[in-house]
Amino acid sequence: MVTIAGIDSSTQSTKVVVCDAGTGRVLAQAQAPHPDGTEVHPDAWWAALRSATGGGLLDGVAAIGVAAQQHGLVALDDAGAVVRPALLWNDTRSAGAARDLVAELGGPQAWAHAVGSVPVASFTVTKLRWLAEHEPAYAARVARVLLPHDWLTWRLLAPGSEPVTDRGDASGTGYWSPRDGGYRGDLLARAFGRDVELPRVLAPREAAGHAPGGALVSAGTGDNMGAALGLSAGPGDVVVSLGTSGTAFAVHDAAVADPTGYVAGFADATGRYLPLVCTLNAARVLTATAAMLGTDLAGLDGLARAAAPGADGLVMLPYLEGERTPNLPDASGTLTGLRRASMTPRNVARAAVEGMLCGLADGVAALRGTGVAVRRVLLIGGAARSAAVQAAAPAVFGVPVVVPAPGEYVALGAARQAAWALAGTDDPPQWTELDSGVALPPAADPDAGARIRAGYARARDAATAAG
């Protein structure tokens, strides 16, 4: 049996799966935590990978792929050493830099035309501007810029190997164009004030090289691109991931350029495109609400399921960490519709679930507005396992919802890419072990979703106007 490995280096942890290259069957898996925060030294990712794979987990694998959190800024000096801790996607200190860059190029439409996306604080290009303006001593030392998956892939390769990336992760930098398939050095220089070295962009099935032990290392990709590949998402499928962040994305045949900035026009890991909407606030909305109510996630589930859809008019706008979509980095969360009858723990719990889902339902609607077909939602991520989330999701999304079997789909996508690079075929391997998932029952009240989304829209529009 030929075995391959997939690595998911997320915000919170490193997860590794070892699979049968022919079927995708998971043979072994492990994980290790990352430090908390919005900036992390990349050495912590390497230490977590070594911890997760200790004991010989990768012994004998023929190929390895890495998928990692998008957008993070890994700045290296001319010797390849890390200049400062990596600024992660969820670090919003570059919000002012994002506003400045958008204005300097002539507005959102100019950016959407140039690179398919309108930069917000998450994007690498804005972090480069912030670094140049606020840490000039560090900026002066920067010779090369990588993304988290680029850096990890480079560490896996034999010494002296060239740093590389893929089109999926490159499309989230703000200085690579999915439509044109190339870097926009003028935009990078505009942000940073000068040129720096960037990794070569590999084709989807192209190998990055080999590890010292001989295993082939694939191009790697961003975490959302990895999830789409791991799920074998097809036309009509919109993946909604409820992890640290919330994302809604779909594989699409055409490049997308949304001048509103709501939809990021990314590339995927197969040669197609991955229009995506991202919110900063997802699963941690539920953990924070549970803590506020003095319970755990199981307790929150029970409370939310005991409340009626719509939570008696209580609406939570869950901008607990600011927000990326809509672009409100300094916003805070709110509870509206507070009345004596509605101020109950069960309604607060239900409002947290519905508020989190409504933010992603807005994302699904935005994808539809760019021409993406929405036949069903594939609901993944830690919060997708919540019974309250599963009960509310069909009403909030208004389309059939399927929950795939629990699995590390980002890591599986990285493993599938590794198997593809190893095989050298035109298309990714069709893995028979992938589970089609469980379809959730439709909403009992067909009109409930419209009422929930309308209440949420009023709260969102008020916050957007104030912001």
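Before reading further, recall that the structure is shown in the block above.
What counts as what
- Residues numbered from 1 in each chain as written.
- Predicted model: local features only at pLDDT ≥ 70, side-chain atom pairs only at ≥ 80, totals over all residues.
- Heavy atoms only, no water.
- Buried < 20%, exposed > 50% of the residue type's maximum accessible area, 1.4 Å probe, protein only.
- Helix = DSSP H or I, 4+ residues; strand = E, 2+ residues; numbered from the N terminus.
- Pairing = 2+ DSSP bridges.
- Core = buried A, V, L, I, M, F, W, Y, C linked by side-chain atoms within 4.5 Å.
- Contact = heavy atoms within 4.5 Å.
- Polar contact = N/O pair within 3.5 Å; in protein donor to acceptor, adjacent residues only side chain to side chain.
- Arc of directions from axis to C-beta.
- Phe/Tyr/Trp six-rings, centres within 6.5 Å; stacked < 30°, edge-to-face > 60°.
- Lys NZ or Arg CZ within 6 Å of the ring centre and 35° of its normal.
- Patch = residues over 30% accessible without salt bridge, like charges linked within 9 Å, V, L, I, M, F, W, Y side chains within 5 Å.
- Areas by Shrake-Rupley, 256 points an atom, 1.4 Å probe, with all protein chains shown as cover.
- Salt bridge = Lys/Arg side-chain N within 4 Å of Asp/Glu carboxyl O.
- Axes fitted to C-alpha atoms, helices over the stretch in contact; angles between N-to-C directions.
- Parallel < 35°, antiparallel > 145°, perpendicular 65-115°, else oblique.
- Left-handed = near helix turned anticlockwise from the far one by under 90°.

Details of the pairing of strand β2 (residues 13-20)
Here is step 1 of the chain: In terms of burial, β2 is largely enclosed, as seven of its eight residues are buried.
Here is step 2 of the chain: One ladder, built from seven bridges, connects strand β1 (residues 3-9) with β2; its direction is antiparallel. Paired with Ile4 across the bridge in β2 is Cys19.
Here is step 3 of the chain: Connecting the antiparallel pair β1 and β2 is a turn made up of three residues.
Here is step 4 of the chain: Inspection of the sheet shows β2 paired to strand β3 (residues 26-33) by seven bridges, in the antiparallel sense. Following the sheet pairing, Val16 is matched in β3 by Ala30.
Here is step 5 of the chain: The loop that links β2 with its antiparallel partner β3 comprises five residues; one of these, Gly24, has a positive phi angle of about 85 degrees.

Some thoughts on the nonpolar core
Here is step 1 of the chain: Within the largest apolar cluster, 61 residues are counted, with the highest numbers of intra-cluster contacts made by Ile4 and Val142.
Here is step 2 of the chain: Ranked by residues supplied to this core, first place goes to helix α14 (residues 409-423) with nine residues.
Here is step 3 of the chain: In this view, Val142 contacts Ala75, Leu76, Val83, Leu131, Phe192, Arg194 and Val196; residues no more than four positions away in its chain are not counted.
Here is step 4 of the chain: Membership of the second largest hydrophobic core comes to 54 residues, among which are Val277, Ala283, Leu300 and Val348.

Side note on helix α4 (residues 124-134)
Here is step 1 of the chain: Among the eleven residues that make up α4, eight are buried, leaving the element largely enclosed by the rest of the structure.
Here is step 2 of the chain: Every buried residue belonging to α4 is among Thr124, Val125, Thr126, Lys127, Leu128, Arg129, Trp130 and Leu131, and all of these are buried.
Here is step 3 of the chain: Where the residues of α4 are buried, they touch β7 (86-87), α2 (95-104), α5 (136-141), β8 (144-146) and α8 (185-192).

Looking at the side chain of Asn281
Here is step 1 of the chain: Turning to its location among the elements, Asn281 is positioned in the loop between β19 (273-279) and α10 (283-292).
Here is step 2 of the chain: Here the side chain of Asn281 touches Glu323 through a polar contact of 2.9 Å, side chain to side chain.
Here is step 3 of the chain: Excluding its chain neighbours within four sequence positions, the residues that come into contact with Asn281 are Pro318, Tyr319, Leu320, Glu321, Gly322, Glu323 and Met356.

Things to note about the sheet that holds strand β22 (residues 376-380)
Here is step 1 of the chain: Strand order in the open sheet formed by seven strands is β18-β19-β17-β16-β22-β23-β24, and the pairing between neighbours is mixed. Two strands in the sheet have a free side with no partner beyond their single neighbour: β18 (264-267) and β24 (438-439).
Here is step 2 of the chain: Relative to strand β23 (residues 401-403), β22 runs parallel, the two being bridged by two bridges. For Val377, the partnering residue across the bridge sits in β23 and is Val401.

Concerning α8
Here is step 1 of the chain: Among the residues of α8, those classed as buried are Leu187, Leu188, Ala191 and Phe192. All buried residues of α8 lie within an arc of 115 degrees about the axis, which places them on one face of the element.
Here is step 2 of the chain: Looking at the packing, one finds that the buried side of α8 touches α2, α3 (108-115), α4 and α5.
Here is step 3 of the chain: At the C-terminal side of α8, Gly193 shows a positive phi close to 95 degrees.

Notes on the packing of aromatic side chains
Here is step 1 of the chain: Counting across every chain of the model gives three aromatic pairs.
Here is step 2 of the chain: Here the aromatic rings of Trp45 and Trp151 are separated by 6.3 Å at their centres, their planes lie at 75 degrees, and the arrangement is edge-to-face. Of the two residues, Trp45 is situated in helix α1 (residues 42-52) and Trp151 in helix α6 (residues 148-156); the sequence distance between them amounts to 106 residues. The residues Trp45 and Trp151 share a single accessibility class, namely buried.
Here is step 3 of the chain: It is Arg93 that lies over the ring of Trp130; its NZ or CZ is 4.9 Å from the centre.
Here is step 4 of the chain: The aromatic ring of Tyr273 is capped on one face by Arg167, whose charged end is 5.3 Å from the ring centroid.

Here's the deal with a nonpolar patch on the surface
Here is step 1 of the chain: Residues Leu335, Leu338 and Met343 make up a contiguous nonpolar surface patch of roughly 280 Å² in combined accessible area.
Here is step 2 of the chain: By secondary structure assignment, the location of Leu335 is in strand β21 (residues 334-336).
Here is step 3 of the chain: By relative accessible area, Leu335 is classed as partly exposed at 30%.

Some words on the pattern of salt bridges
Pairs can form between side chains of opposite charge once their charged atoms are near each other.
Here is step 1 of the chain: Tallied over the full model, the rule gives 23 salt bridges.
Here is step 2 of the chain: Among the ionic pairs, Asp237 bridges to Arg376, the shortest N-O distance being 2.6 Å. With Asp237 in strand β16 (residues 237-242) and Arg376 in strand β22, this residue pair connects regions lying 139 residues apart in the sequence.
Here is step 3 of the chain: Exposure remark for Asp237: the relative accessible area of 4% places this residue in the buried category.
Here is step 4 of the chain: Salt bridges sharing common partners tie together Glu39, Arg84, Asp91, Arg93 and Glu135.

Remarks on the packing of α1 against α6
Here is step 1 of the chain: Following both chains from N to C, one finds α1 and α6 inclined at 55 degrees, their axes separated by 11 Å at the closest point. Here α6 runs oblique to α1, going by the angle between their axes. In this structure, α1 crosses over α6, and the sense of that crossing is right-handed. Facing α1, whose interface residues are Pro42, Asp43, Trp45, Trp46 and Leu49, α6 presents Pro148, Trp151, Leu152, Arg155 and Leu156.

Everything listed here is a matter of coordinates, which is why it stays silent on function.
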